[in-house]
Amino acid sequence: MQKAIQLKVTLWIEGEDEPADDFAKYTTQAVTDMLNAGRVKYPKLKVTVKKIVEENDED
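Treat the numbers as computed from the prediction; the structure is a model and nothing was measured. (Residues numbered from 1 in each chain as written. Predicted model: local features only at pLDDT ≥ 70, side-chain atom pairs only at ≥ 80, totals over all residues. Heavy atoms only, no water.)

(A) Just the overall build of the protein chain, in detail. Per the secondary structure count, the protein chain includes 1 helix and 0 strands. Taken over the C-alpha trace, the protein chain has a radius of gyration of 14 Å; the compact-globule value for 59 residues is 10 Å, which it surpasses by more than 25%. With the principal axes as the frame, the protein chain shows a C-alpha extent of 50 × 25 × 15 Å. Carbon together with sulfur atoms contributes 53% to the accessible area of the protein chain, which is approximately 6500 Å² in total. Side-chain charges in the protein chain split into 9 positive and 12 negative, and the spacing between the mean points of these groups amounts to 22 Å. (Helix = DSSP H or I, 4+ residues; strand = E, 2+ residues; numbered from the N terminus. Rg over C-alpha atoms; globule rule 2.2 N^0.38 Å. Areas by Shrake-Rupley, 256 points an atom, 1.4 Å probe, with all protein chains shown as cover. Lys, Arg positive; Asp, Glu negative; His and termini not counted. Charge placed at Lys NZ, Arg CZ, Asp CG, Glu CD.)

In structure tokens, the structure reads:
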């Protein structure tokens, strides 16, 4: 049986970076790479990253 689900994931990422560097671009690529690396562990699941955007809502 084919199933699908849409999940909303909120990540808080911290790290050191130079002031002039684009931290959002760097972390967006890092998250994409992490998800791609995890595909090896779960080959029966197809994960598609539809969008990654920076959220400025600080809780």
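On we go from here.
(B) Region of the structure containing a negative patch on the surface. The grouping of Glu 16, Asp 17, Glu 18, Asp 21, Asp 22 and Glu 54 at the surface amounts to a negative patch. Along the chain, Asp 17 falls in the segment before α1 (23–38). Residue classification places Asp 17 among the partly exposed positions, given a relative accessible area of 31%. (Patch = residues over 30% accessible without salt bridge, like charges linked within 9 Å, V, L, I, M, F, W, Y side chains within 5 Å. Salt bridge = Lys/Arg side-chain N within 4 Å of Asp/Glu carboxyl O. Buried < 20%, exposed > 50% of the residue type's maximum accessible area, 1.4 Å probe, protein only.)

(C) Geometry of the packing of aromatic side chains. Under the criterion given, the structure shown has 1 aromatic pair. Ring plane angle 35° and centroid distance 6.5 Å describe the contact between Phe 23 and Tyr 26, whose orientation is recorded as tilted. Here Tyr 26 and Phe 23 lie together in helix α1, a separation of 3 residues that amounts to about one turn. Overall, the relative accessible area of 55% leaves Tyr 26 in the exposed class. (Phe/Tyr/Trp six-rings, centres within 6.5 Å; stacked < 30°, edge-to-face > 60°.)

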